[in-house]
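Reading the structure
This is what each chain is made of:
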Amino acid sequence: MESKNMSEQQEISLSILKKRWLKFKTLRRGYYSFIIILTLYILSWFLPILINNRALVVSYEGDLYFPVFSGYHAGSVFHQDVPGEAVYRELKAEWKQADSENWLIMPPYPYSPYEDITVQGNKMFEEPSSTHWLGTDNTGRDVFSRLCYAFNISISFALILSTLNYFIGILIGGSMGYFGGKFDLIFQRLIEIWSSLPMLFVIIIISSIIRPTFFLLIFIYTIVNWIGMTYLMRAEFYREKSKDYVAAALSMGQTNFKVMFKHILPNSLVPVITYFPFSVVGGITALVSLDYLGFGMPPPTPSWGQMLDVGLSNIPKWWMVFAPVSAQFVTLIMVVFIGEAVREAFDPKVYSRLR
Amino acid sequence: MSNNTLVDVKNLSVHFPVYGGVFSKRIATVKAVDGINFSIDRKQIVGMVGESGCGKTTVGRAMINILRHVAPGVEIGGSIEYHFGDEVVDFAKLSSSEVRKYRSRVQMIFQDPYASLNPRMTVAQIISEPLQLHTDMNNKEQTERVGWLLNKVGLQPEQAKRYPHEFSGGQRQRVGIARALATNPDLIICDEPVSALDVSIQAQVINLMLDLQEEFDVSYLFIAHDLSVVEHISDKIAVMYLGDMAEYGNAQDVYHHPRHPYSKALLSAVPLPDPSRKNRKRIVLQGDVPTPLNKPSGCAFRTRCPIAQPSCAESKPEFKEQAKDHFVACPLVEDN
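Overview of the overall build of chain A
Along the backbone of chain A there are 15 helices and 3 strands. The globule rule puts the C-alpha radius of gyration for 355 residues at 20 Å, and the 26 Å found for chain A is more than 25% above it. The principal-axis extents of the C-alpha atoms in chain A amount to approximately 85 × 70 × 40 Å. When burial is assessed residue by residue, chain A has 37% of its 355 residues classed as buried. Taking all contacts inside chain A whose residues are at least 6 apart in sequence as the whole, residues at least 24 apart take part in 63%.

Dropping the structure here:
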């Protein structure tokens, strides 16, 4: 009975993608990088409760407050003598000292990326210490907390950008390859014209006219960047459409749309998937360079590029250069490891150099 | 034409325009198929033979109307009239959307079983695809039908969950046959279904196809370049040369008493495992097949024909019924 179960288990067929996933898992470097990046990225969505200057829970004179979720509470609410919002770190210290019945719970790392020198107790250019793990910057903001928030923004930006580029690129490139003829010819010429736009200048010009936001930046990058994918997809669809399984699908009356996306697309995903991590790398770098030049996200949005800019103009404060550069380095190298491992997993050859 | 006719191909021509030059002007035409006539009756197997590049496959693809997908500029002339019940449908004239509802009646088995099955789909998905398109079966009925079909083609229903790469070439071709049979078609176009297979498997697959032909009452257009295979399976044989039909008739007549000089040469090349006929005369044709871009005037075969006359260059030979049900495109052999 047991042996029968065994053989049945072995008989379960694996789709090609599943096989590749299993192979990907054996490529330790890429797989662990993937796990780490994925975990960090998921964690980074919970940053407001992990790294924040607002308290998670405040119990003041019998009432409970949840400033992380409810937002702004003036200092006067808690009878604190500060202008504007309450400074929960100070409150905590005060209440502790006074042995008061009031209490509050701070997030594990109680500094927000937005608070600056105007908030009581903050100083400019503080060296890394146990309170400010990576010191503070030229306006007294905590570098570590900005680094973490910027990680979320960078990865989200790169992921959304790459996905959008892929979506448009696959749709247009795929149609060009599949339909061919005049459609292909016309779009190819349009793309050639479009791709001759100096994209960095376009972005700089637009950014200097309108104040860029996260989605505006994605939009601007997408309208120029989708082109790269069309070349790949056009070639893939062009090659795949001449295969007999496509003829078989057509001869049984499948519609063009279904043939394209049910039959051809799954067979042309190899360049898409293997290229994706590198496209993410490109997205991260693009945002960093724009922010560095000052045409990216509006201040005070935390971003690696902006941190780098400030750091480089205050180079003796080594932590302000060190932090964004190493964060970027580690992130990019891990994404590249993922990319390598994916490419390796899609390689039909069994023996490989990377292991 | 009898009442039993399933498809009547009249004067079918398939021309592929060739564009070139600075302004993409039409500079030439590939006459892949140049005016051929034949018909297939119900439950009949018609074998089609010829050298590589003679247009056999193009005829097959024209008959299921997928040429326009592959080559949008293709020019299809003549008619391919299918008789489905009382309906007469001309596949040569219908657009691809109009032809869609008749797709279930004509199916195709492809030459290369490694390319004709989508590697990302399981066998169950592959075979049930025509069912989804042309029947209103629910999932359970489809699964049952897939299992039944797999059984018919000599595979196990449990193998339905597997992917094509887990099968051998012969097994894959069986999957292709099951897919073609799924909607109970009237005609299956078999485009060299066994030439990619091992010789030992060829016989199995051919016999399977013969059994299924009787069981499903389906007609085959059997395209091949192996005459002995075609003779074994066919009721009628059509011999093609460079886009033209050289000879068409009952299998026995064409195989044993070929009339056209090309058919004679082709048949003399068939290897026979019979020592007593060791000294059989082989007709070896000189030269290569001319390019279909620039076909010889008159009879296309005259450049290689052992009995060619000056008159052959003047006009295209008439495709004439020289004996009962035996059409030959060569006036020189009419008197034998």
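Digging into the overall build of chain B
Counting its regular elements, chain B contains 9 helices and 12 strands. For a compact globule of 336 residues, the expected C-alpha radius of gyration is about 20 Å, and chain B comes in at 21 Å, within 12% of that figure. Over its C-alpha atoms, taken along the principal directions, chain B stretches across nearly 65 × 60 × 45 Å. Buried residues in chain B amount to 43% of all 336 residues. When contacts within chain B are restricted to residue pairs at least 6 apart in sequence, those whose partners lie at least 24 apart make up 65%.

As for the interface of chain B and chain A
On the side of chain A, 18 residues touch chain B, which itself brings 24 residues to the contact. With 4 residues, helix α3 (residues 123-134) of chain B is the largest single contributor of residues to the side of chain B that touches chain A. The residue inventory of the side of chain B that touches chain A, partitioned by class, reads 11 nonpolar, 5 polar and 8 charged.

With respect to the nonpolar core
Among the nonpolar cores identified, the biggest contains 111 residues, and Leu221, Phe222 and Val239 of chain B are the most heavily contacted of them. Setting aside anything within four residues of it in sequence, one finds Val239 of chain B in contact with Val49, Gly50, Ala246, Glu247, Val254, His260, Tyr262, Ser263 and Leu266 of chain B. Grouped together as the second largest cluster of nonpolar side chains are 44 residues, Ile51, Leu147, Met320 and Ala323 of chain A included.

Brief notes about unusual backbone geometry
The omega torsion across Pro299 of chain A and Pro300 of chain A is 10°, close enough to zero to call that bond cis. Within the fold, Pro300 of chain A resides in the loop between α13 (269-293) and α14 (304-313). Although it is not a glycine, Asn184 of chain B adopts a positive phi angle of roughly 55°. As for its placement among the helices and strands, Asn184 of chain B is situated in the loop between α5 (169-181) and β7 (187-191).

Brief notes about the sheet that holds strand β2 (residues 25-41) of chain B
All names here are of chain B. If you walk across this open sheet you meet the 4 strands as β2-β1-β4-β5, and the pairing is antiparallel. Two strands lie at the open edges of the sheet, namely β2 and β5 (87-90), each paired on one side alone. Direction aside, neighbouring strands of the sheet carry axes that sit 15° apart on average. Against the sheet, helix α1 (residues 56-63) makes contact with β1 (5-20), β2 and β4 (75-84), and its axis sits at roughly 75° relative to β2, the strand it touches most.

Here we look at the domain arrangement of chain A
Residues and elements named next belong to chain A. Each domain of chain A was delimited in the assignment, giving domain 1 (1-51 + 116-355) and domain 2 (53-106). One C-alpha centre belongs to domain 1, the other to domain 2; they are set 40 Å apart. The partner domain 2 presents 6 residues to the 5 residues of domain 1 that form the contact. Residue composition of the side of domain 1 that touches domain 2, by class: 3 nonpolar, 2 polar and no charged.

Quick notes on the packing of helix α7 (residues 143-179) of chain A against helix α15 (residues 318-345) of chain A
Residues and elements named next belong to chain A. Here α7 crosses α15 at 30°, and the two axes come no closer than 11 Å. Viewed along their axes, α7 and α15 adopt a mutual orientation that is roughly parallel. Our pair here, α7 against α15, has a crossing hand that is right-handed. Of the residues in α15, those in contact with Val143, Leu147 and Phe151 of α7 are Trp319, Met320, Ala323, Pro324, Ala327 and Thr331. When grouped by side-chain class, the residues that make up the contact of α7 with α15 number 8 nonpolar, 1 polar and no charged.

Brief notes about the confidence of the model for chain A
Interpreting fine coordinate detail is not advised for predicted regions of low pLDDT. Residue and element names in this part refer to chain A. Looking at chain A as a whole, its pLDDT mean stands at 86, while 94% of the residues score no less than 70. Averaged pLDDT values over the elements of chain A bottom out at 46 in helix α1 (residues 2-11) and peak at 94 in helix α3 (residues 28-44). Note on residues 1-10: pLDDT under 50 across the span, and 0 contacts to partners over four residues away in sequence or across chains.

Here's the deal with the sheet that holds strand β12 (residues 326-328) of chain B
Within a sheet, neighbouring strands are paired by backbone hydrogen bonds and run either parallel or antiparallel to one another. All names here are of chain B. The strand order β6-β7-β8-β3-β9-β10-β12-β11 describes an open sheet built from 8 strands, whose pairing is mixed. With partners counted over all chains shown, the strands left at the sheet margins are β6 (106-109) and β11 (320-323), one partner each. Here the average twist between neighbouring strands, direction ignored, is 25°. Docked against the sheet, helix α9 (residues 261-268) engages β3 (45-49), β9 (236-241) and β10 (244-250), running at close to 105° with respect to β9.

Some remarks on the environment of Thr163 of chain A
Within the element layout of this structure, Thr163 of chain A appears in helix α7. When the C-alpha atoms of Thr163 of chain A and Val280 of chain A are compared, they prove to be 9.2 Å apart, with 117 residues separating the residues in sequence.

Some words on the confidence of the model for chain B
All names here are of chain B. Taken as a whole, chain B shows an average pLDDT of 87; of its residues, 99% reach a score of 70 or greater. Ranking the elements of chain B by mean pLDDT puts helix α2 (residues 67-70) last, at 80, and strand β8 (residues 219-223) first, at 93. What the predictor reports for the complex is a pTM of 0.82 with an ipTM of 0.86.

Examining α3 of chain B
Along α3 of chain B, the positions that sit buried rather than exposed are Val123, Ile126, Ile127, Ser128, Glu129, Pro130, Leu131 and His134 of chain B. The secondary structure elements touched by the buried residues of α3 of chain B are α4 (139-152) and α5 of chain B.

Criteria and cut-off values
- Residues numbered from 1 in each chain as written.
- Chains lettered and ligands numbered in written order.
- Predicted model: local features only at pLDDT ≥ 70, side-chain atom pairs only at ≥ 80, totals over all residues.
- Helix = DSSP H or I, 4+ residues; strand = E, 2+ residues; numbered from the N terminus.
- Rg over C-alpha atoms; globule rule 2.2 N^0.38 Å.
- Buried ≥ 20, exposed ≤ 12 C-beta atoms within 10 Å, placed from the backbone.
- Contact = placed C-beta atoms within 7 Å.
- Nonpolar A, V, L, I, M, F, W, Y, C, P; charged D, E, K, R; others polar.
- Core = buried A, V, L, I, M, F, W, Y, C linked by C-beta atoms within 7 Å.
- Pairing = 2+ DSSP bridges.
- Axes fitted to C-alpha atoms, helices over the stretch in contact; angles between N-to-C directions.
- Domains from an automatic or database assignment.
- Parallel < 35°, antiparallel > 145°, perpendicular 65-115°, else oblique.
- Left-handed = near helix turned anticlockwise from the far one by under 90°.
- pLDDT = per-residue confidence, 0-100.

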